[in-house]
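Residues per chain are reported as follows:
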Amino acid sequence: MIERAVAADAGEILTVQRAAYVSEAQLYGDPYILPLVESLEQMRKAIEGAVVLKALDAGRIVGAVRGQLSGATCVVGRLVVAPDRQGQGLGTALLRSLHEEVPEASAFDLFTGHLSEGNVRLYRRLGYRETHRERMDDHLTLVHLRRPADPR
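Parameters and conventions
Residues numbered from 1 in each chain as written. Predicted model: local features only at pLDDT ≥ 70, side-chain atom pairs only at ≥ 80, totals over all residues. Heavy atoms only, no water. Helix = DSSP H or I, 4+ residues; strand = E, 2+ residues; numbered from the N terminus. Rg over C-alpha atoms; globule rule 2.2 N^0.38 Å. Buried < 20%, exposed > 50% of the residue type's maximum accessible area, 1.4 Å probe, protein only. Core = buried A, V, L, I, M, F, W, Y, C linked by side-chain atoms within 4.5 Å. Contact = heavy atoms within 4.5 Å. Salt bridge = Lys/Arg side-chain N within 4 Å of Asp/Glu carboxyl O.

**Student:** Got a minute to help me understand the overall build of the chain in this structure?
**Tutor:** Regarding its fold elements, the chain presents five helices and seven strands. Written out in order from the N terminus, the α and β elements of the chain read β-α-α-α-β-β-β-α-β-α-β-β. The C-alpha radius of gyration of the chain comes to 15 Å, within 12% of the 15 Å expected for a compact globule of 152 residues. Its C-alpha atoms give the chain principal-axis dimensions of roughly 40 × 40 × 30 Å. Residue burial in the chain is summarised as follows: out of 152 residues, 45% are buried.

Structure (structure tokens):
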């Protein structure tokens, strides 16, 4: 089941986020990536100021995603799935739900690291196309992707 997150979910979502991003930190050799150092207060503010969806399984939060409108574009961030539930379609379901939850968006933008091949494959399957790359430092280049909104 996927539904809107509330401020009371912040701690559990943060726990899932940290667990999900450990592999990314290892991939890039950087334990200080933003999703791992985000505070509980920052998570609460994100839930209150953006569209944050959570995936539930028997009452347990097993995934989440956030979207924030910037003009007519929804900026997607922090798509996370608990490590024991990855590869079961939850990431796909969360992104599709976000697309439906923000019908006023004309496009959806997101980014991932250049070494995160599984993420890029997922986004491409869902209609995202690479727009550009941004070199952040020696070990990280961000791959920016965009998906136009579905025709109405």
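**Student:** Teacher, can you tell me more about the nonpolar core here?
**Tutor:** Side chains that are nonpolar tend, in soluble globular proteins, to be buried together. Ranked by size, the top nonpolar core spans 24 residues in total, and within it V65, V76, L95, F108, Y123 and Y128 carry the most contacts. Setting aside residues up to four positions removed in sequence, Y123 forms contacts with L79, L95, L110, T112, Y128 and L145. Of all hydrophobic cores here, the second largest spans 19 residues; its members include I13, Y21, I61 and A64.

**Student:** What is the right way to look at the pattern of salt bridges in this model?
**Tutor:** Where charged atoms from two side chains of opposite charge approach closely, those side chains can pair. For the coordinates displayed, the defined rule picks out 12 salt bridges. Ionic pairing is found between D9 and K54, a salt bridge with its closest N-O pair at 2.7 Å. Residue D9 is located in the loop between β1 (2-4) and α1 (10-28), and its partner K54 is located in strand β2 (residues 51-57); the two are separated by 45 residues in the primary sequence. Take D9 and K54: they sit in the same class, and that class is buried. Here D84 and R60 are joined by a salt bridge, their closest N and O atoms 2.8 Å apart. Here D84 is found in the loop between β4 (73-81) and α4 (90-101), whereas its partner R60 is found in strand β3 (residues 60-70), with 24 residues between them in sequence. Accessibility expressed as a relative area gives 47% for D84, which makes it partly exposed. Of the residues examined, R60 reaches a relative accessible area of 37% and is grouped as partly exposed. What you see here is one network of salt bridges that share partners, running through E3, D9 and K54.

**Student:** Sorry, what's going on with the side chain of T141 here?
**Tutor:** You can see T141 is positioned in strand β7 (residues 140-148). Exposure remark for T141: the relative accessible area of 17% places this residue in the buried category. Setting aside anything within four residues of it in sequence, one finds T141 in contact with T112, G113, H114, R133, E134, R135 and M136.

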